[in-house]
Amino acid sequence: MCAPTFSDNINNDIEDSNQEIIMPPQTGSKLAELLKIVYNVIMVVICSCNLSNVYFREGITTIPMNAFNQCANLGNLYFGGVKTITKYAFSSANKTIGNIDFGAVTSIGPTTFSSATINGTVKIGDGVTIDDNAFRDCTTLVNVTIPASVTEIGAGAFSSNYALTAISVKEG
């Protein structure tokens, strides 16, 4: 079983049959309360495996630098209550990602998804700052939706994305 390195027994977090990971566990358990504190202090490292979906529940506010660099395939990403995604968190030339829903994210750090293979749609939420080179060299990225409320798009944020055919700016 592919599991976070900080525990061998997170049965409620990993669904083998669907290959999904839900982070952190449902509130109410002692493990959930402990992980709520730990997630914002240490880097979450997931072993190399293929996941169909990654859900970040309320309680995780920051995805730290290099957190998912060792993951080969992540499937769809749903950021829930995450506010900040730091640099290099998902960057890698050998990483495949499906759809990305940024939810409540307000800051996408520099080179966060640089060189990732994004095969789905990227939906950015309201009031987001997109740092320099955040999606640089995502050569399979085709469609991005950005609300008019985005506060900043950094230099080269979508550079060298030769397949990018649509950037939709939505009023909101």
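Structure's up top.
Below: a short report on this structure.

With respect to the pattern of salt bridges
Then step 1. Counting across every chain of the model gives 1 salt bridge.
Then step 2. Linking D137 and R136 is a salt bridge whose minimum nitrogen-to-oxygen distance equals 3.1 Å.
Then step 3. Classification of D137 by relative accessible area gives partly exposed; the value is 28%.

Details of the packing of aromatic side chains
Then step 1. Within the structure shown, the criterion is met by 11 aromatic pairs.
Then step 2. Aromatic side chains F68 and F90 sit 4.9 Å apart centroid to centroid with 5° between the ring planes, which places their arrangement in the stacked category. With F68 in the loop between β4 (62-63) and β5 (73-78) and F90 in the loop between β6 (84-85) and β7 (96-101), this residue pair connects regions lying 22 residues apart in the sequence. For the residue pair F68 and F90, the accessibility class agrees, reading buried in each case.
Then step 3. A centroid spacing of 5.2 Å and a plane angle of 0° characterise the contact between F113 and F135, whose relative ring orientation is stacked. Of this pair, F113 sits in the loop between β8 (107-108) and β9 (117-118) while F135 sits in the loop between β11 (129-130) and β12 (143-147); the two residues are 22 residues apart in sequence, bridging distant segments of the chain.
Then step 4. Judged by its relative accessible area of 0%, F113 is buried.
Then step 5. Assessed through its relative accessible area of 0%, F135 is described here as buried.

Digging into unusual backbone geometry
Then step 1. For S115, which is not glycine, the phi torsion reads 70° and is therefore positive.
Then step 2. Counting through the fold element by element, S115 comes out in the loop between β8 and β9.
Then step 3. Of note in the backbone geometry, S160 takes a positive phi value of approximately 60° without being a glycine.
Then step 4. Tracing the backbone shows S160 in the loop between β13 (152-153) and β14 (166-170).

Some words on the nonpolar core
Then step 1. By size, the foremost hydrophobic cluster in this structure holds 35 residues, and its most contacted members are I63, F79, F90, F102, F113, I124 and F135.
Then step 2. Taken together, the elements giving at least two residues each to this core come down to β3 (53-56), β5, β7 and β12.
Then step 3. Here F102 is in contact with F79, I85, I108, F113, V122, K123, I124, G125 and F135, once residues within four sequence places are set aside.

What counts, and where the lines are drawn
Residues numbered from 1 in each chain as written. Predicted model: local features only at pLDDT ≥ 70, side-chain atom pairs only at ≥ 80, totals over all residues. Heavy atoms only, no water. Salt bridge = Lys/Arg side-chain N within 4 Å of Asp/Glu carboxyl O. Buried < 20%, exposed > 50% of the residue type's maximum accessible area, 1.4 Å probe, protein only. Phe/Tyr/Trp six-rings, centres within 6.5 Å; stacked < 30°, edge-to-face > 60°. Helix = DSSP H or I, 4+ residues; strand = E, 2+ residues; numbered from the N terminus. Core = buried A, V, L, I, M, F, W, Y, C linked by side-chain atoms within 4.5 Å. Contact = heavy atoms within 4.5 Å.

Bear in mind that shape data such as this cannot, by itself, settle questions of function.
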